[in-house]
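# Coordinate analysis (summary)
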Amino acid sequence: MTLNMRDVHVRKMQNADLPRILQLLADDALGQLRETLQVTPHDDYRRAFTAIDADPNQYMAVFEKDDNIIGCLQISFIPGLSRRGALRGQIESVRVAANVRGNGYGTLMMVWAIEKCREQGCSLVQLTSDKTRKDAQRFYQELGFVPSHEGFKLQF
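What counts and how
Residues numbered from 1 in each chain as written. Predicted model: local features only at pLDDT ≥ 70, side-chain atom pairs only at ≥ 80, totals over all residues. Heavy atoms only, no water. Phe/Tyr/Trp six-rings, centres within 6.5 Å; stacked < 30°, edge-to-face > 60°. Helix = DSSP H or I, 4+ residues; strand = E, 2+ residues; numbered from the N terminus. Buried < 20%, exposed > 50% of the residue type's maximum accessible area, 1.4 Å probe, protein only. Pairing = 2+ DSSP bridges. Axes fitted to C-alpha atoms, helices over the stretch in contact; angles between N-to-C directions. Contact = heavy atoms within 4.5 Å. Salt bridge = Lys/Arg side-chain N within 4 Å of Asp/Glu carboxyl O.

In the structure shown here, the tally under the stated rule is four aromatic pairs. With 5.8 Å between their ring centres and 45 degrees between their planes, Y59 and W112 make a pair best called tilted. Of this pair, Y59 sits in strand 2 (residues 58–65) while W112 sits in helix 5 (residues 105–120); the two residues are 53 residues apart in sequence, bridging distant segments of the chain. Looking at Y59, the relative accessible area reads 16%, which means it is buried. The class for W112 is buried, based on a relative accessible area of 18%.

Written as structure tokens, this is what we have:
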């Protein structure tokens, strides 16, 4: 199967998409442990979406095929002083719907996201992936990402 952007429509997430995006985020072993799904999205999710939507340095992308949301990702454009004031693109929350995984949509989404970072003037694209997600790590390395740093988190 050859994919191109004509097969998939990309747009900025809207408030009405929130329930479907939360389903995507919860649709794996780690997501099931940390996401809360209910008929009406929890207010915490609504507040987060409002903040993301209002911030010009955030882009929550929704990928649709045949009017169905098949994937999502978030890009944060991070200005910094290091690397001569470089702008970084941080890609997170990459999810592909279970019923279309393995068909190249993840690659298509990431190629789109990398190009979006390039268009914004980023000189670096970075992402994190949980250490237990070996398939995801292999996927990102096949796209040219290098596991160059060790990440640290402090959870509250």
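In this section: the sheet that holds strand 1 (residues 9–12). The strand order 1-2-3-4-5 describes an open sheet built from five strands, whose pairing is mixed. Unpaired on one side and paired on the other, strand 1 and strand 5 (124–127) mark the two borders of the sheet. The mean inter-strand angle of the sheet, taken between neighbouring strand axes irrespective of direction, is 30 degrees. Contacting strand 2, strand 3 (68–79) and strand 4 (87–96), helix 1 (residues 18–26) crosses the sheet at an angle of about 85 degrees to strand 3. In this fold helix 5 packs onto strand 1, strand 2, strand 3, strand 4 and strand 5, with an angle of close to 30 degrees to the strand it touches most, strand 3.

Turning our attention to the pattern of salt bridges. Opposite charge on two side chains permits pairing when their charged atoms draw close. Across all of its chains, the model carries eight salt bridges by this definition. Close ionic contact of D17 with R11 constitutes a salt bridge, the shortest N to O distance being 2.6 Å. Of the two residues examined, D17 and R11, each falls in the buried class. Linking R138 and D135 is a salt bridge whose minimum nitrogen-to-oxygen distance equals 2.2 Å. Of this pair, R138 and D135 both sit in helix 6 (residues 134–142), three residues apart, roughly one helical turn. Of the residues examined, R138 reaches a relative accessible area of 44% and is grouped as partly exposed. You can call D135 exposed: its relative accessible area is 57%.

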